[in-house]
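Residues per chain, in single letters:
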Amino acid sequence: MLRFLLRRILGSFVILVLLTVVAFLLFFGMPRDPALLMCGKTCTPDALANIHHTLGLDKSIPEQFWIFLSGLVSGRNDFEQGPCPAPCFGYSYHTNELVWSTLMDRLPLTLSLAAGATVAFLFVGLGTGLLAAWKRGSFVDKSFTAGSMVLSSMQIYFLGPLALAILVYQTHIFEEPDYTPITDNPAAWFTGLIIPWAVLSTIFAAQYTRMARSSMIEQLQEEHVRTARAKGMSGRYVFFRYAWRGSLIPIITILGIDLSSLLGGAIITEYTFGLPGLGRLAVESVQFSDLPLLLGVMLFSAAVILLCNIVVDACYAFIDPRVRLS
């Protein structure tokens, strides 16, 4: 088990280093000069040369990459704005603030949005999928299957305004979505994110309903499940003791892939509901051509996705012993 996790961590580290190289080359390979973005409309040749020297753009690409990489590890002190502690992504061109501080300010909202939506779609999707498999062929099974087919075709940019129009502006059941730190007011944090959680988790829940149903039906046909039934064990005991654990294996595998999709969906969700998270920050960095901020969001998001996949791999190895033995 330990060797399995070490291999996954080492592989993720290599991927992150390669992503850093690619992102850095894209950053300095853009047709626009990064120094012009900082210099502004009243830029002079002397000011432009000073910015080139401050950013290290007057050095070769390998030297620039080494300075950037060392800044991520040990920080940098060559910025006019002041020291940049590790991990140093530099200062934002638009706000003139540390990129890392901006990321940390926006991270709690995105984590709250993604974590709440994940819990919601796993609870609803797995629950309805297992119930549909338990009642295979019944009205419940057909209703859940048909409902999941309809909901899986929906999009966030359609469900979001529809939920706001019905639940907020017409019926006034909920207040307009807003983010309050959970440490300040847990109740306000929960109520402010109910609608975004529901919208973001709807599509995923519909997909996991069908996935859980098909996986459970497949598990019920396995030899070890038939053997358990032949020994006289009750159908409920066999369902939850033998088939349930095996059905989780493909679901957990797909969950690692869906986590990246969930972060991507958070971009649309945050813009739909006006929530200032990492997704909205990524779009703003593109709009303002804020290259340090864009680079920071890209690398930070990649690191979070890789970390989530390591956790999923660990859960996968815990459920399926064959992974630990391979």
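Quick caveat, the model's predicted, so the values are computed rather than measured.

1. What to know about the packing of aromatic side chains
In this structure the tally under the stated criterion is eight aromatic pairs. Members of the aromatic cluster, each reached through a chain of ring pairs, are Phe24, Phe65 and Phe68. One Lys or Arg, arginine 280, reaches over the ring of tyrosine 271 and ends 5.5 Å from the middle of that ring.

2. With respect to the packing of helix α7 (residues 156–170) against helix α9 (residues 194–219)
Between α7 and α9, whose axes approach to 10 Å, the crossing angle comes to 140°. Handedness of the α7/α9 crossing: right-handed. Contacts from Ile156, Leu159, Gly160, Ala163, Leu167 and Val168 in α7 reach Ile195, Val199, Leu200, Thr202 and Ile203 in α9. When the residues that make up the contact of α7 with α9 are grouped by side-chain class, the tally is nine nonpolar, two polar and no charged.

3. Things to note about the state of the cysteines
Scanning the model with the defined rule gives one disulfide in all. In this model, cysteine 84 is linked to cysteine 88 through a disulfide, with the two sulfur atoms separated by 2.1 Å. One quick way to see it: the torsion about the S-S bond of cysteine 84 and cysteine 88 is about 115°, and its sign makes the bridge right-handed. Each member of the pair cysteine 84 and cysteine 88 is classed as buried.

4. Describing the packing of helix α5 (residues 99–134) against α9
The N-to-C vectors of α5 and α9 enclose an angle of 35°; their axes lie 6 Å apart at closest approach. Of the two possible hands of crossing, α5 and α9 adopt the one that is right-handed. Split into classes, the residues belonging to the contact of α5 with α9 amount to 19 nonpolar, seven polar and one charged.

5. Focus: the nonpolar core
Core analysis: the biggest nonpolar cluster contains 32 residues, and Phe121, Val199 and Leu262 have the highest contact counts within it. Among the elements of the structure, α5, α7, α9 and α11 (235–273) are those that each provide at least two residues to this core. Valine 199 has contacts with Ile156, Leu159, Gly160, Ala163 and Phe273, leaving out every residue within four places of it along the chain. Ala23, Leu103, Leu293 and Leu299 belong to the second-largest nonpolar core, a separate cluster that totals 20 residues.

6. Structural notes on helix α6 (residues 139–152)
Relative to the 20 Å expected for 14 residues at 1.5 Å per residue, α6 spans 20 Å between its end C-alpha atoms, a close match to the ideal helical length. Of the positions making up α6, those classed as buried are Asp141, Ser148 and Ser152. Along the long axis of α6, the arc covered by the buried residues comes to 40°, so they all point the same way. Every exposed residue of α6 that faces more than 90 degrees away from the buried side is listed here: Phe139 and Lys142. Summarising the contacts, the buried residues of α6 are in contact with α5 and α9.

7. Observations regarding the pattern of salt bridges
Opposite charge on two side chains permits pairing when their charged atoms draw close. Within this structure, the stated rule accounts for three salt bridges. Aspartate 141 is the salt-bridge partner of arginine 213, the closest N and O atoms lying 2.7 Å from each other. Of this pair, arginine 213 sits in helix α9 while aspartate 141 sits in helix α6; the two residues are 72 residues apart in sequence, bridging distant segments of the chain. Of the residues examined, aspartate 141 reaches a relative accessible area of 3% and is grouped as buried. A salt bridge links glutamate 284 to arginine 280; its shortest N-O distance comes to 3.5 Å. Of this pair, glutamate 284 and arginine 280 both sit in helix α12 (residues 278–287), separated by four residues, roughly a single helical turn.

8. Some words on the environment of valine 297
When you line up the elements, valine 297 lands in helix α13 (residues 291–319). Separated by 198 residues in the primary sequence, valine 297 and valine 99 place their C-alpha atoms 8.6 Å from one another. Apart from the residues lying within four places of it in its own chain, the contact partners of valine 297 are Leu103, Leu278, Leu281 and Ala282.

9. Things to note about the confidence of the model for the protein
This prediction gives the protein a mean pLDDT of 81; 89% of its residues lie at or above 70. When mean pLDDT is taken per element in the protein, helix α8 (residues 186–192) scores highest with 91 and helix α14 (residues 321–325) scores lowest with 56.

10. Overview of the side chain of serine 201
Tracing the backbone shows serine 201 in helix α9. Among the residues examined, serine 201 registers a relative accessible area of 6% and is labelled buried.

Cut-off values and rules
- Residues numbered from 1 in each chain as written.
- Predicted model: local features only at pLDDT ≥ 70, side-chain atom pairs only at ≥ 80, totals over all residues.
- Heavy atoms only, no water.
- Phe/Tyr/Trp six-rings, centres within 6.5 Å; stacked < 30°, edge-to-face > 60°.
- Lys NZ or Arg CZ within 6 Å of the ring centre and 35° of its normal.
- Axes fitted to C-alpha atoms, helices over the stretch in contact; angles between N-to-C directions.
- Helix = DSSP H or I, 4+ residues; strand = E, 2+ residues; numbered from the N terminus.
- Left-handed = near helix turned anticlockwise from the far one by under 90°.
- Contact = heavy atoms within 4.5 Å.
- Nonpolar A, V, L, I, M, F, W, Y, C, P; charged D, E, K, R; others polar.
- Disulfide = S-S within 2.5 Å.
- Buried < 20%, exposed > 50% of the residue type's maximum accessible area, 1.4 Å probe, protein only.
- Core = buried A, V, L, I, M, F, W, Y, C linked by side-chain atoms within 4.5 Å.
- Expected span 1.5 Å × (residues − 1).
- Arc of directions from axis to C-beta.
- Salt bridge = Lys/Arg side-chain N within 4 Å of Asp/Glu carboxyl O.
- pLDDT = per-residue confidence, 0-100.

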